[in-house]
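One letter stands for each residue in the lines below.
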Amino acid sequence: MNSERGALALVGSGEYLVQMQEIESDLLHRGISRGKSNTYIQIPTGAGQESADRIECWKERGAAQANRMGAECRFLPILKREDAFNPQYIEEVTNAGLIYFSGGDPGYITEIFEGTPLWEKIKSEFFSGSSLAGCSAGAMAFGAKIVGLRISHAQSGLGLIPEIEVIPHYDKFLGWVPDRIASIVLRSDEGTYLLGIDEDTALVLTDTWRVQGRAKVHVLKGLADSPHTFASGDEIALLHSFA
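Throughout this description, residue numbers start from 1 for each chain and increase along the sequence as written. In keeping with the predicted nature of the model, local features appear solely for residues at pLDDT of at least 70, side-chain atom pairs appear and are counted solely at 80 or more, and the whole-chain, interface and lining totals rest on all residues. The basis for the side-chain values is all heavy atoms of the structure; hydrogens and waters are excluded.

**Q** Tell me about the side chain of Gln42, and please be specific about residues and values.
**A** In this text, helices come from DSSP runs of H or I with a minimum length of four residues, and strands from runs of E with a minimum of two, each type numbered from the N-terminal end. Positionally, Gln42 belongs in strand 2 (residues 37-43). Taking the relative accessible area as the measure of exposure, Gln42 reaches 0% and is therefore buried. Under the rule applied, a polar contact is a pair of N or O atoms within 3.5 Å (in protein, one hydrogen donor and one hydrogen acceptor; residues adjacent in sequence only if both atoms are side-chain atoms). In this structure the side chain of Gln42 is engaged in a polar contact, spanning 2.9 Å, whose partner is the backbone oxygen of Trp58. Each residue is assigned to one of three classes by its accessible area relative to the maximum for its type, calculated with a 1.4 Å probe on protein chains only: buried under 20%, partly exposed between the two thresholds, exposed over 50%.

Following this line, the structure appears as structure tokens:
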């Protein structure tokens, strides 16, 4: 394992909200402890096809969270593919303590970032100590495959953690669309971990994977004893590699 790599967080929901402040603050300070700056980067690409009011809402929420944490907030409106080639935005993520992808459409995140200099820069910062987080769509996009929650087929992700597929908002979706969840479990690829991450909950990789937050993480496929549920503070022995 690369000792210089930053922390990685897969978040079920709740980005920028008070109930996630402790987790986000811990991620930021892990980056700072590796020599990164006290900078909280917001990337709202998942909502890039939504209204201007919605984008502004994300911006305000993140600014409020950064203020509570005493961090410098940088909101990067990466809303179309050409933005991921913008030298200004590439420079903005340099040396950030925490780089955070919020929710929306995970396929759109892949469409915008795949094969771009900004994504390569974000990965470089992560591998040199910046914490990297993805909430809901952001968490889904970090895998090689995005499971089909709102559509019937899977999509390609950015492939940062190719062995992991994420169902965010798991406790909510299980009540709303149990049949869709069951079908995803049946068709998920062998050799991958399928994770259900509850709302206001994160699975964080530091030296090991560990659950943080108010609820649980469910390993639906991939472990010998799957399905298995883990509560806050529990470690989960997931094998992983980075692309």
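**Q** Tell me about the sheet that holds strand 14 (residues 235-236), and name the residues and values.
**A** Spatial strand order, 3-2-4-5-1-10-11-14: eight strands in an open sheet with mixed pairing. Of all strands in the sheet, those with a lone pairing partner are strand 3 (72-75) and strand 14, marking the two edges. Two strands are said to pair when DSSP picks up at least two bridges between them.

**Q** So what's going on with the pattern of salt bridges? Which residues, and what values?
**A** Any carboxyl oxygen of Asp or Glu within 4 Å of a side-chain nitrogen of Lys or Arg constitutes a salt bridge here. Applying the stated criterion across every chain, the model contains 12 salt bridges. Arg74 serves as the salt-bridge partner of Glu72, at 3.1 Å between the closest nitrogen and oxygen. You can call Glu72 partly exposed: its relative accessible area is 42%. Looking at Arg74, the relative accessible area reads 22%, which means it is partly exposed. Across the pair Asp171 and Arg214 runs a salt bridge whose closest N-O atoms are separated by 3.6 Å. Here Asp171, found in helix 7 (residues 170-176), pairs with Arg214, found in the loop between strand 11 (209-213) and strand 12 (216-221); they are 43 residues apart in sequence, far enough to count as distant. Looking at Arg214, the relative accessible area reads 55%, which means it is exposed.

**Q** An account of the sheet that holds strand 8 (residues 164-167) is requested, with residue identities and associated values reported.
**A** The mixed open sheet is built from four strands, whose spatial order is 8-9-12-13. Looking along the sheet, the strands with just one partner apiece sit at the ends: strand 8 and strand 13 (228-231). In this sheet, adjacent strand axes meet at a mean angle of 25° when their direction is disregarded. When strand 8 meets strand 9 (residues 193-197), the two strands line up parallel, connected through four bridges. Paired with Ile167 across the strands is Gly196, a residue of strand 9. To get an axis, a line is fitted to the C-alpha atoms, and for a helix only the part in contact is used. The angle between two axes follows their N-to-C directions and goes from 0 to 180 degrees.

**Q** Talk me through the pairing of strand 13; I want residue IDs and the actual numbers.
**A** In the sheet, strand 12 pairs with strand 13 via four bridges, with the strands oriented antiparallel. Looking at strand 13, one finds that His218 is bridged to Thr229. Where strand 12 folds back on strand 13, the antiparallel hairpin that results is connected by six residues, among which Gly222 adopts a positive phi of roughly 125°.

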